[in-house]
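Spelled out, the chains give:
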Amino acid sequence: MTQMFTLLFTLFRQFLRNLGETYTMASFAIIYRKDKLNTKGEAPIHFRIIKDRRTRYISSGVKVHQKYWDTKRNKVKSSFPNSARLNNYISTKFAELESKMLEAETKGDVENSSQLKNYLKGQKSASFFPFAEKFAQKYFEQGKLSTYDKSISILSRLKEYGGSNLLFAEITPQYLEGYEDYLRNEFKNKSSTIRACMKLIQRVFNHAYRQGVIPLSRNPFLLYKKPPEANAPKEHLTEAELEQFIKVPLPEDSLQKVHQNIFIFSCYAGGPRISDLLTLKWKDYDGDYIYFTTNKTDTQLSIFLPDKAKEIIEEYRHPKNQKTDFLFPILNNLLDMENLRAVGKAINSATVLMNKSLKVIAERADVSKKVTTHIARHTWATRALRKGISIDKVSKILGHASVKQTQVYAKIVNEELDKAMLVFND
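Please read all numbers here as calculations on a predicted model, not as lab measurements.

Engineer: Which parts of the structure should I look at to understand the nonpolar core?
Structural biologist: Ranked by size, the top nonpolar core spans 45 residues in total, and within it F263, F265, I290 and L305 carry the most contacts. Counting residues per element, the ones that place at least two in this core are helix 8 (239-246), helix 9 (255-268), helix 10 (274-278), strand 6 (289-293), strand 7 (300-304), helix 11 (307-315), helix 12 (340-364) and helix 13 (373-386). With seven residues, helix 12 is the single largest residue contributor to this core. The residues contacting F263, other than those within four sequence positions of it, are L237, L242, F245, M354, L358, V371, T372, I375 and A376. Grouped together as the second largest cluster of nonpolar side chains are 30 residues, A136, L155, Y175 and M198 included.

Printed below as a string of structure tokens:
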């Protein structure tokens, strides 16, 4: 039976070669591990897998003294007690594993020696959550606490739906479609929220594939399509609205004035995110440039400041205003910047308070839009494109990973130009 299977296996390999397949089948052999000899002169018998020049071993659970191993015939010598039974056990186990190996490779369930070893040992799929939580932990280690918290929240909800013992193999395109329906019906989640959830799950699968935990064929996102991105326009201020916002009179020593200045500064200084603005220090400014590493994407940026942005900064250089090491006097100078949780909490509290101020200032400026800290970023981007700065430069200043992220602003500007051309219809 074993000889027949070996013959069929050999013929199958030859068949693939004749088809010109580039896919490499694994080799499988019984190996006496002399490199593992113990003090008693015993060594284990392993089953060796070689796939794509990578070697893995599976233990047979058997050890014999080297004097009982027949190297030429690759079996236990007859002088060993119960040698026939032991050799039968080893050959039967070998045939069983070789059969599994052929099944796995013909189905495309494995792509490397590590996956093949796990498959043969009965570990046909890795557990999803331990791997996913370890993946999310990297965000925490990188100081991206907001992203970490969101990731853990997404994984917790998925765990409620699928249970804590969910395997990678169980997450199929159909499973994700069911989960999407669950989020829509049970939690009334919108497409943008569902897309964010699926995006994290996809990142985990991609990382698992890169780490050799799953084969590419096990990635459900090859067939499952996430909900489309929302095409809602980015809210921003027009030049007229920004001018109205700037002209709102406020007491020079008030917190609202600081909030107003931070917003205006961002509209002129490349639209830094509020988390980056609040943590800017005087050492990050040389009189012309601000230098910082973005909290969200860990991108290093140096931005040349136009005169309006410099004027705002200079207001805080005066001794009566320069109360902290921070460029803008918002965060406490005693804040431990190494304590990421404390920094995140301080930034969140400051942002909530600033958004309340911006709402009041917008009402006084007769701006009907909901003005928040992030609208300053959108305002700078659309202003920059209107003034002729190329989209690739706008993308770099915003710290975007690709120009594709910036194209939404170009679309806004183009739509405004299209509307402007309607005057010729009058």
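Engineer: Help me understand a negative patch on the surface in this model?
Structural biologist: A cluster of acidic residues, E252, D253, D307, E311 and E315, forms a negative patch at the surface. Within the secondary structure, E311 is located in helix 11.

Engineer: Help me understand the sheet that holds strand 3 (residues 54-65) in this model?
Structural biologist: The strands making up a sheet associate through backbone hydrogen bonding, with each pair oriented either parallel or antiparallel. Here we have three strands laid out as an open sheet, ordered 1-2-3, and antiparallel in their pairing. In the strand order of this sheet, the two ends are held by strand 1 (27-32) and strand 3, each with one partner. Each strand of the sheet is rotated relative to its neighbour by a mean of 20°, with strand direction disregarded. Sheet topology note: the strand 1/strand 2 (residues 42-51) ladder contains six bridges and is antiparallel. Counted as the bridge partner of I31 is H46 from strand 2.

Engineer: So what exactly am I meant to see when it comes to the pattern of salt bridges here?
Structural biologist: A side chain with one charge can pair with a side chain of the opposite charge if their charged atoms come near. The final tally for this structure, using the stated rule, is nine salt bridges. Put simply, K283 and D284 hold a salt bridge, and the shortest N to O gap is 3.4 Å. The exposure class of K283 is exposed, given its relative accessible area of 68%. Among the ionic pairs, K310 bridges to D288, the shortest N-O distance being 2.8 Å. In this pair, K310 sits in helix 11 while D288 sits in the loop between helix 10 and strand 6, placing the two residues 22 residues apart along the sequence. A relative accessible area of 33% means that D288 is categorised as partly exposed.

Engineer: Would you mind going over the packing of helix 5 (residues 145-162) against helix 7 (residues 191-210) with me for this structure?
Structural biologist: The description of two helices packed together rests on the angle between their axes and the distance between the axes. Two numbers describe how helix 5 lies on helix 7: the axes approach to 10 Å, and their chain directions differ by 90°. The orientation of helix 5 with respect to helix 7, classified from their angle, is roughly perpendicular. The segment helix 5 lies against helix 7, with S151, I154, L155 and L158 engaging A196, C197, L200 and I201. Its residues assigned to classes, the contact of helix 5 with helix 7 comprises seven nonpolar, one polar and no charged.

The rules behind each value
Throughout this description, residue numbers start from 1 for each chain and increase along the sequence as written. Reporting of local features is limited, given that this is a predicted model, to residues whose pLDDT is at least 70; pairs of side-chain atoms are given and counted only at 80 or more, and all residues count toward the totals for whole chains, interfaces and linings. Remark: hydrogens and water are excluded; side-chain values derive from all non-hydrogen atoms of the structure. By convention a nonpolar core is built from buried Ala, Val, Leu, Ile, Met, Phe, Trp, Tyr and Cys residues, the set being connected through side-chain atoms within 4.5 Å. Exposure is judged per residue with a 1.4 Å probe applied to protein chains only, and the accessible area is read against the type maximum: over 50% gives exposed, under 20% gives buried, and values in between give partly exposed. Numbering of helices and strands starts at the N terminus; helices are DSSP runs of H or I of at least 4 residues and strands are runs of E of at least 2. Contact criterion: two residues are considered in contact whenever any of their non-hydrogen atoms come within 4.5 Å of each other. Patch construction takes residues with relative accessible area above 30% that form no salt bridge. Like charges are linked within 9 Å, and nonpolar side chains (Val, Leu, Ile, Met, Phe, Trp, Tyr) are linked within 5 Å. For every accessible area listed, the method is Shrake-Rupley and the probe measures 1.4 Å; residues are considered covered only by the protein chains on display. We define a salt bridge as a contact between a side-chain nitrogen of Lys or Arg and a carboxyl oxygen of Asp or Glu at a distance within 4 Å. Under the convention used here, Asp and Glu are negative, Lys and Arg are positive, and both His and the chain ends fall outside the count. Positions of charges follow a simple convention, taking NZ of Lys, CZ of Arg, CG of Asp or CD of Glu. Strands qualify as paired when DSSP identifies two bridges or more between them. Working convention: axes come from line fits to C-alpha atoms, limited for helices to the stretch in contact. Angles between N-to-C directions cover 0 to 180 degrees. Reported orientations rely on four angle classes, namely roughly parallel under 35 degrees, roughly antiparallel over 145, roughly perpendicular from 65 to 115, and oblique for the rest. Under the grouping applied here, Gly and all other residues not named as nonpolar or charged are polar, the nonpolar ones being Ala, Val, Leu, Ile, Met, Phe, Trp, Tyr, Cys and Pro and the charged ones Asp, Glu, Lys and Arg.

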